[in-house]
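Here are the chains, one letter per residue:
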Amino acid sequence: MDRLPPNHSPEAFLADVFRSRQAHEGKVIRRSARDVERYIGREAFICEVYRRGFRAVENAGQIVIFCNQDPVRILRPRDGP
């Protein structure tokens, strides 16, 4: 999926993202924020993520999607900030 054609539809992009084995197994997937913006738009993508009951975070130009409904926690050392 790294090299999608420029005319790739938003529906096809979503199908590619959410039909992956990792998504079906409730694991974590990631996509480039640039690709998300280019193929479907950030707001539409995030709406679809939440419609499915998933959560997402963004860091360093990547959107990480947690394909399950488990809580997401930021891990920190006990004695740290």
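Because the structure is a prediction, the values reported are computed rather than measured.

## Considerations on the pattern of salt bridges
For the structure on display, the rule yields 9 salt bridges. Between Glu 25 and Arg 21 there is a salt bridge, with the nearest N and O atoms lying 4.0 Å from each other. Put simply, Arg 34 and Asp 35 hold a salt bridge, and the shortest N to O gap is 3.9 Å. Accessibility expressed as a relative area gives 13% for Asp 35, which makes it buried. The network of salt bridges with common partners includes Arg 21, Glu 25 and Lys 27.

## Here's the deal with the sheet that holds strand 1 (residues 28-32)
Reading across the sheet, the 3 strands line up as 1-3-2 and stay open at both edges, with antiparallel pairing between neighbours. Edge positions in the sheet fall to strand 1 and strand 2 (55-59), since each of these pairs with one other strand and no more. Within this sheet the neighbouring strands show an average axis-to-axis angle of 25°, counted without direction. Summarising the sheet, strand 1 and strand 3 (residues 62-66) pair through 5 bridges and their orientation is antiparallel. Opposite Val 28, over in strand 3, you have Phe 66 as the bridge partner. Docked against the sheet, helix 4 (residues 42-51) engages strand 2 and strand 3, running at close to 140° with respect to strand 2.

Calculation criteria
Residue positions are counted from 1 within each chain, in the order its sequence is given. Local features are withheld for residues below a pLDDT of 70 in this predicted model, meaning they are given only at 70 or higher, and side-chain atom pairs are given and counted only at 80 or more; totals for whole chains, interfaces and linings count all residues. Side-chain metrics rest on all non-hydrogen atoms present in the structure, leaving aside hydrogens and water. By convention in these notes, a salt bridge is any Lys or Arg side-chain nitrogen within 4 Å of a carboxyl oxygen on Asp or Glu. Relative accessibility thresholds used throughout: buried, under 20% of the residue-type maximum; exposed, over 50%; partly exposed, between the two (1.4 Å probe, protein chains only). Pairing between strands requires that DSSP locate at least two bridges from one strand to the other. Numbering of helices and strands runs from the N terminus; a helix is a DSSP stretch of H or I covering at least four residues, while a strand is a stretch of E covering at least two. Axis definition: a line fitted to C-alpha atoms, limited for helices to the stretch in contact. Angles are taken between N-to-C directions and run from 0 to 180 degrees. Here, two residues are considered to be in contact whenever any of their heavy atoms come within 4.5 Å of each other.

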